[in-house]
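Close look at the chain arrangement
Here's the letter readout for the chains.
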Protein chains: 2
Amino acid sequence: MYIGIDLGGTNIAAGVVNAEGKLLSSGAVPTLSGRPTIEIVKDMAELTREVTADCGMELSDIKAVGIGCPGTIDFETGEVIYSNNIKMEHFPLAEEFRRLIDLPVRVDNDANCAAMGEYLVNGGGANSFMLITLGTGVGSGLVINGKVYRGFNGAASESGHMTLVSGGELCTCGKQGCWEAYASASALVRQTERAMKKHPDSFMHKVAEEFGAVNGQTAFLAAKGGDAAAQEVVDAYIRYVADGIVSVENMIQPEIIAIGGGISREGENLLKPIREYVESKGFNKFMKRTRITAAGLMNDAGIIGAAAVAM
Amino acid sequence: MYIGIDLGGTNIAAGVVNAEGKLLSSGAVPTLSGRPTIEIVKDMAELTREVTADCGMELSDIKAVGIGCPGTIDFETGEVIYSNNIKMEHFPLAEEFRRLIDLPVRVDNDANCAAMGEYLVNGGGANSFMLITLGTGVGSGLVINGKVYRGFNGAASESGHMTLVSGGELCTCGKQGCWEAYASASALVRQTERAMKKHPDSFMHKVAEEFGAVNGQTAFLAAKGGDAAAQEVVDAYIRYVADGIVSVENMIQPEIIAIGGGISREGENLLKPIREYVESKGFNKFMKRTRITAAGLMNDAGIIGAAAVAM
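Keep in mind that what you see is a predicted model, and the values were worked out from it rather than measured.

**Comments concerning the sheet that holds strand β3 (residues 23–30) of chain B**
Residue and element names in this part refer to chain B.
- Pairing within the open sheet is mixed, and its five strands lie in the order β3-β2-β1-β4-β8. With one partner strand each, in any of the chains shown, β3 and β8 (105–109) form the two edges of the open sheet. Mean inter-strand twist for the sheet, computed between neighbouring axes without regard to direction, equals 15 degrees.
- Note: strand β1 (residues 2–7) against strand β2 (residues 11–17), six bridges, orientation antiparallel. Paired with Ile5 across the two strands is Ala14, which belongs to β2.

**With respect to unusual backbone geometry**
- Even without glycine at this site, Gln253 of chain A takes up a positive phi of about 45 degrees.
- Assignment of secondary structure puts Gln253 of chain A in the loop between α8 (228–252) and β12 (256–260).
- Residue classification places Gln253 of chain A among the buried positions, given a relative accessible area of 1%.
- Phi at Lys87 of chain B takes a positive value of approximately 60 degrees, unusual for a residue other than glycine.
- As for its placement among the helices and strands, Lys87 of chain B is situated in the loop between β6 (79–83) and β7 (88–91).
- Assessed through its relative accessible area of 56%, Lys87 of chain B is described here as exposed.

**So, the pattern of salt bridges**
All names here are of chain A.
- Going through the model one piece at a time under the given rule, you end up with 22 salt bridges over all chains.
- Residue Arg99 pairs with Glu95 through a salt bridge whose shortest N-O separation is 3.6 Å. Residue Arg99 and its partner Glu95 are located together in helix α2 (residues 93–100), separated by four residues, close to a single helical turn.
- A relative accessible area of 59% means that Arg99 is categorised as exposed.
- Here Arg239 makes a salt bridge to Asp243, at a shortest N to O gap of 3.7 Å.

**Considering the interface of chain A and chain B**
- Contacts between chain A and chain B engage 50 residues on the former and 50 residues on the latter.
- Summing the contributions of chain A and of chain B, the shared interface buries around 4400 Å²; its carbon and sulfur component is 63%.
- If you sort the residues of chain A by the area they bury against chain B, Phe152, Met251 and Met287 of chain A come out on top, with a joint share of 19%.
- Viewed at the interface, chain B and chain A are joined by zero salt bridges.
- Our enumeration of links across chain A and chain B arrives at 26 residue pairs in polar contact (both at pLDDT 80 or more).
- For the side of chain A that touches chain B, the secondary structure elements donating two or more residues are β5 (72–74), β6 (79–83), β9 (128–134), α8 and α9 (268–281) of chain A.
- The leading source of residues in the side of chain A that touches chain B is α8 of chain A, at eight residues.

**Focus on the nonpolar core**
- Among the nonpolar cores identified, the biggest contains 102 residues, and Ile245 and Ile274 of chain A together with Ile245 and Ile274 of chain B are the most heavily contacted of them.
- Residues contacting Ile245 of chain B, with those up to four places away along its chain left out, are Ile132, Trp179, Ile257, Ile259, Ile274, Val278 and Ile292 of chain B.
- If you look at the next biggest cluster of nonpolar residues, it comprises 29 residues, including Ile62, Phe91, Ala94 and Phe97 of chain B.

**Details of the packing of helix α1 (residues 37–54) of chain B against helix α2 (residues 93–100) of chain B**
Residue and element names in this part refer to chain B.
- It is at 9 Å that the axes of α1 and α2 come closest, and there the two elements cross at 55 degrees. Considering their axes alone, α1 and α2 lie oblique with respect to each other. As for the relative orientation of α1 and α2, their crossing is right-handed in sense. Contact residues: Ile38, Val41, Lys42, Met44, Ala45, Thr48 and Arg49 in α1; Leu93, Glu96, Phe97 and Leu100 in α2.
- Grouping the amino acids of the contact of α1 with α2 by side-chain chemistry returns seven nonpolar, one polar and three charged.

**A short note on the pairing of β12 of chain A**
Residues and elements named next belong to chain A.
- Where burial is concerned, most of β12 is hidden: five out of the five residues are buried.
- Where β9 lies against β12, five bridges are found, and the strand directions are parallel. Bridge pairing links Ile132 to Ile259 in β12.
- When β12 meets strand β13 (residues 291–294), the two strands line up parallel, connected through four bridges. If you follow Ile256 over to β13, its bridge partner there is Arg291.
- Remark: the β12/α9/β13 crossover connection has right-handed handedness.

**Focus: the relation of the copies chain A and chain B**
- In the superposition of chain A on chain B (RMSD 0.0 Å, axial shift 0.0 Å), the rotation amounts to 180 degrees. Taken together, the rotation and translation describe the operation of a two-fold axis. The rotation axis passes nearest to the C-alpha of Val165 of chain A in chain A, at a distance of 2.1 Å.
- Most of the interface of chain A is mirrored in chain B: 100% of its interface residues are interface residues there too.

**Side note on the packing of aromatic side chains**
- Under the definition given, this model contains seven aromatic pairs over all chains.
- Centre to centre, the rings of Phe220 of chain A and Tyr237 of chain A are 6.5 Å apart; their planes meet at 85 degrees, and the pair counts as edge-to-face. Remark: Tyr237 of chain A occurs in helix α8 and Phe220 of chain A occurs in helix α7 (residues 218–224); sequence separation between them is 17 residues. In this structure, Phe220 of chain A and Tyr237 of chain A share a single accessibility class: buried.
- Ring centres of Tyr182 of chain B and Tyr240 of chain B lie 4.9 Å apart, and the angle between their planes is 55 degrees; on these two criteria the pair is classed as tilted. With a gap of 58 residues between them, Tyr182 of chain B in helix α4 (residues 180–183) and Tyr240 of chain B in helix α8 (residues 228–252) connect regions that are remote in the sequence.
- Relative accessible area serves as the criterion here: at 21%, Tyr240 of chain B is assigned to the partly exposed category.
- Across the ring face of Phe75 of chain A, the terminal group of Arg150 of chain A is positioned such that the distance to the ring centre comes to 3.5 Å.

The rules we used
Residues numbered from 1 in each chain as written. Chains lettered and ligands numbered in written order. Predicted model: local features only at pLDDT ≥ 70, side-chain atom pairs only at ≥ 80, totals over all residues. Heavy atoms only, no water. Pairing = 2+ DSSP bridges. Helix = DSSP H or I, 4+ residues; strand = E, 2+ residues; numbered from the N terminus. Axes fitted to C-alpha atoms, helices over the stretch in contact; angles between N-to-C directions. Buried < 20%, exposed > 50% of the residue type's maximum accessible area, 1.4 Å probe, protein only. Salt bridge = Lys/Arg side-chain N within 4 Å of Asp/Glu carboxyl O. Contact = heavy atoms within 4.5 Å. Buried area = accessible area lost by both parts, 1.4 Å probe. Polar contact = N/O pair within 3.5 Å; in protein donor to acceptor, adjacent residues only side chain to side chain. Core = buried A, V, L, I, M, F, W, Y, C linked by side-chain atoms within 4.5 Å. Parallel < 35°, antiparallel > 145°, perpendicular 65-115°, else oblique. Left-handed = near helix turned anticlockwise from the far one by under 90°. Nonpolar A, V, L, I, M, F, W, Y, C, P; charged D, E, K, R; others polar. Right-handed = clockwise from strand over helix to strand, strands pointing away. Least-squares fit on C-alpha atoms with pLDDT ≥ 70 in both. Phe/Tyr/Trp six-rings, centres within 6.5 Å; stacked < 30°, edge-to-face > 60°. Lys NZ or Arg CZ within 6 Å of the ring centre and 35° of its normal.

Here is the structure:
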């Protein structure tokens with residue numbers, strides 16, 4: 001058995017996970033980011049004891065603990081080099097956790113954890129597997145031969161910051177034209193809002209009103225209702241997503257690319273046109289092709305992924 | 001000792017190479033592409049015997065033969081799946097060569113060979129090494145832990161066909177906005193010609209006249225002479241190159257990126273602004289940074305690279 005801890009900006013979620021990636025028990029407490037980090041670590045340890053007891057086990061039944069954390073992590077030492085969300089800088093997270101619970105601990109970037117979890121549960125032992133998450137940003141994690149690919153320095157797989165439009169929209173990272181600035185859920189919201197301004201009669205206004213705000217579903221829902229302006233937004237957005245996936249595929253040729261994040265719940269509405277675009281525009285025309293699927297893990301992906309990294 | 005054979009559209013070049021990547025003897029014959037492929041293979045075998053004799057050796061002194069070939073190669077079987085330049089389709093190149101010379105044979109894509117050669121001679125044992133060649137196209141090869149990274153299907157590392165400008169200029173591959181359509185030497189020639197039309201008084205016209213044609217040096221030379229229009233071309237071109245390198249780095253984080261091809265002879269004129277751009281725009285701000293250098297192997301890179309793949 002393994003413990004997975006998903007240390008997020010809002011909540012700390014933890015659970016007991018078996019070797020097949022099945023969640024046996026789980027719990028969560030608020031992170032209360034901003035308080036002394038050592039307090040957060042104490043809550044992580046407390047939660048670990050609770051979820052272990054919840055499924056009738058003891059700490060001696062646990063082989064290892066995995067912690068997923070946003071930011072830049074030194075995977076070898078378990079040090080959080082920098083995390084904006086949890087306000088950590090050069091914090092020895094694995095070491096501090098081990099002072100409270102003496103078990104092997106692995107700390108990894110949340111995107112790497114998510115990729116490992118998805119690979120474990122839905123990867124079918126693929127030789128290479130990439131998870132691309134369309135959320136607030138565009139995150140990604142690459143698993144090659146069952147291991148997270150990290151580059152020589154641990155900072156690899158930031159596909160959201162590939163250039164998609166040289167000289168284009170400013171990204172939060174400070175560079176212009178990143179894939180993330182066009183293909184994230186936040187980008188889709190911006191694109192939707194722009195189109196709504198241009199088309200005051202569009203059905204998108206009604207949809208947004210109904211949901212109380214513009215979100216990543218607004219254009220998709222209005223397009224399903226036959227709204228032409230919304231369809232334009234959806235088509236352009238899918239093109240941005242697909243164009244970046246072609247880049248990833250031409251570069252990496254992973255056996256499977258799984259697409260996650262809220263937008264991926266559009267399912268075949270999103271995947272089918274992406275596959276068609278990638279099929280027609282990918283450079284590889286003679287060898288086997290990458291399989292493009294939707295990610296399967298939903299709410300518990302963070303916990304399962306963190307546990308997967310510890311396995 | 002190893003044999004490296006660089007099978008190009010114009011010439012077949014071959015040589016004897018030692019384990020450190022030093023070329024001991026070499027020779028070349030015209031490819032005469034279009035004749036029966038088996039004739040080309042016979043010439044390759046003949047050349048192998050010649051270069052071996054040239055350095056006072058016999059075939060029994062040769063451990064293995066590497067063949068570099070443009071196109072899509074099945075590295076496992078040594079079959080050329082498709083090569084446009086040499087007019088081959090599903091041709092069992094390794095097998096046919098072995099009928100004439102009974103030695104272990106490896107066939108690989110020319111870009112992979114070039115990367116392995118460069119890695120062997122100038123890689124210093126880096127954990128990960130990428131060669132990016134700015135030539136007719138933008139080619140690249142990635143070496144991870146001393147082995148060419150090929151993806152699950154053998155078609156990886158086509159960084160020239162990452163999207164750099166979504167919806168931008170049409171690439172020879174049929175997709176719009178590929179890095180190659182902006183950062184290859186051919187793209188630079190197009191960009192130079194466009195600027196020359198717009199600026200009939202530019203010094204670029206004089207430079208082009210002197211060299212008999214517009215080429216990849218025209219704008220660089222005119223810019224050195226203080227020509228403002230040429231400087232604009234150079235600045236924009238370097239930005240395109242650097243923007244793609246940021247993509248590669250954010251995705252792969254190789255320890256070293258070496259830039260090859262004719263344009264790389266500009267040396268620090270090219271490398272310095274690229275490094276500055278990548279330093280300021282790369283997503284990784286907290287971990288060690290990729291080292292960006294010029295490729296060292298020049299004319300014999302194809303032979304040495306092919307031999308390196310056979311090692």
